[in-house]
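Secondary and tertiary structure notes
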Amino acid sequence: MADQKRLALVTGANGGIGFEVVNQLLADGSFHVLLGSRSIEKGEAALADLQSRKLPGTVELVQLDVTDEKSVAAAAKLVEEKHGRLDALVNNAGIARGPGTRAEQMVDCFRVSAVGAQLMSDYFSPLLKKSTGTPRIINVTSGAGSIGNHIARKNFGLKDQVIPYRVCKAAMNMVFACQVRSYEEEGFKIFLYGPGPTVSNLSPPDFFPGKKPTAVGAAPITEMVQGKKDDDAGKYLEYGYEGVFPW
Ligand SMILES: NC(=O)c1ccc[n+]([C@@H]2O[C@H](COP(=O)([O-])OP(=O)(O)OC[C@H]3O[C@@H](n4cnc5c(N)ncnc54)[C@H](OP(=O)(O)O)[C@@H]3O)[C@@H](O)[C@H]2O)c1
């Protein structure tokens, strides 16, 4: 029964790292997972794939474009009416770089990672406050957003085409800091995690040789949702290559 399980919502979960987080949470068995997808078609395909695996958890599709305030508001209303609360929010949706001019790419990236994470916090924090356990927000950022690393030339060898992505993830990191100030004292555990180069649909397969398997990049997010990494709340983290990133 969904109402006896912990409730986790993952944005951008029709593929890549988000899909794998949902898969891992369903394998845990104690979660009802809301699989966020901006495309209903892709979301239904992901849902069918996961349901065919006969995992012990339960899952439902929530249509959600994190850049569209009406879509975020409608999703929050649906979750409120159906479940009355939320226990964990994973702000996973992201794009590396849209088509178009530099200006368009900058705005597109910013809208997904920064505007999206802020809108999700605004609309879902009232539901997280009704959590029956510890409310959790996990923001999936990137080490590419570390200003300290970039100034120190620890830049993963990434070139100028990654500037929109760097800037939007640095902005997402400030959204995280604002979440901490707004909700920490209300008992929320709030995380900022960059998976490091990980196999997904974000970049071409040959973009960064030696990427982590998707399940490895996703596992810390799953553990944050499960409450296994609470000591790491409030930090800018990766696991594997870096540890704690400089801001
Ligand atoms: N893979 C890496 O090496 C790596 C490294 C560091 C950080 N990250 C971060 O990890 C997160 C997951 O990315 P990924 O690597 O798994 O890439 P991915 O396979 O491309 O998945 C990204 C997901 O975000 C969704 N999305 C994009 N724009 C959206 C919007 N406006 N509203 C809702 N969903 C939206 C995509 O939906 P569509 O299928 O419709 O496009 C897709 O489901 C991102 O935040 C990314 O920046 C990844």
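Residues numbered from 1 in each chain as written. Predicted model: local features only at pLDDT ≥ 70, side-chain atom pairs only at ≥ 80, totals over all residues. Heavy atoms only, no water.

The name recorded for the chain in an unreviewed UniProt entry is NAD(P)-binding protein, from Xylaria flabelliformis. Per UniProt, the chain has the following entry under Sequence similarities (unreviewed entry): "Belongs to the short-chain dehydrogenases/reductases (SDR) family." (UniProt positions renumbered as here; feature names shortened; annotations may be inferred.)

What follows concerns the site of the ligand. Around the ligand, a shell composed of 27 residues is seen, among which Ile17, Arg38, Asn92, Tyr165 and Ser200 lie nearest. Glycine 12 has a polar backbone atom sitting 3.1 Å from an oxygen atom of the ligand. In the model, an oxygen atom of the ligand is placed 3.5 Å from a nitrogen or oxygen of the leucine 202 main chain. Among the cavities detected, the one that contains the ligand is the largest pocket. Mapped by element, the contributors of at least two residues to the shell around the ligand are helix H1 (16-28) and helix H6 (163-183). Along the lines of polarity and charge, the residues of the shell around the ligand split into 11 nonpolar, 12 polar and four charged. (Near = heavy atom within 4 Å. Polar contact = N/O pair within 3.5 Å; in protein donor to acceptor, adjacent residues only side chain to side chain. 1 Å grid on protein atoms, 1.4 Å probe; cavity = no way out; pocket = protein on both sides within 12 Å on 5 of 7 lines; lining within 4 Å. Sits in = over half its atoms within 2 Å of the grid points. Helix = DSSP H or I, 4+ residues; strand = E, 2+ residues; numbered from the N terminus. Nonpolar A, V, L, I, M, F, W, Y, C, P; charged D, E, K, R; others polar.)

What follows covers the pairing of strand S6 (residues 189-193). Strand residues, when the strand is regular, have side chains that alternate between the two faces of the sheet. S6 sits mainly inside the fold: four of its five residues count as buried. As judged from the five bridges shared by strand S5 (residues 136-140) and S6, these two strands associate in the parallel manner. Note on S6: the bridge partner recorded for asparagine 139 is leucine 192. (Buried < 20%, exposed > 50% of the residue type's maximum accessible area, 1.4 Å probe, protein only. Pairing = 2+ DSSP bridges.)

In this section: empty space enclosed by the protein. Counted by the stated rule, this structure contains one cavity of 30 Å³ or more. Volume-wise, the largest cavity comes out at about 40 Å³. Around the largest cavity, the lining residues are Thr11, Val66, Asn91, Ala93, Val112, Ser113, Gly116, Ala117, Met120 and Met172. Tallying contributions element by element places helix H4 (residues 102-128) first for the lining of the largest cavity, with five residues. (Points joined across faces, edges and corners; volume = space filled by probe spheres on them.)

Pairing in this open sheet of seven strands is parallel, and the strands run S3-S2-S1-S4-S5-S6-S7 from one edge to the other. Because the sheet does not close on itself, it has two edges, and the strands there are strand S3 (58-63) and strand S7 (236-237). As defined by bridge partners, S6 adjoins S7 across two bridges and the pair is classed as parallel. Bridged to leucine 192 within S7 is tyrosine 236. The sheet strands contacting helix H3 (residues 69-83) are strand S1 (6-10), strand S2 (31-37) and S3, and the helix crosses S3 at an angle near 145 degrees. Running over the sheet, H4 touches S1, strand S4 (88-91) and S5 and is turned about 175 degrees from S4. (Contact = heavy atoms within 4.5 Å. Axes fitted to C-alpha atoms, helices over the stretch in contact; angles between N-to-C directions.)

The next point concerns the environment of serine 113. Tracing the backbone shows serine 113 in helix H4. Sequence separation between serine 113 and valine 66 is 47 residues; the distance between their C-alpha atoms is 8.6 Å. Not counting the four nearest positions on each side in its chain, serine 113 is found in contact with Ala93, Gly94, Cys168, Lys169 and Met172. A polar contact of 3.2 Å, which involves the side chain of serine 113, links it to the side chain of lysine 169.

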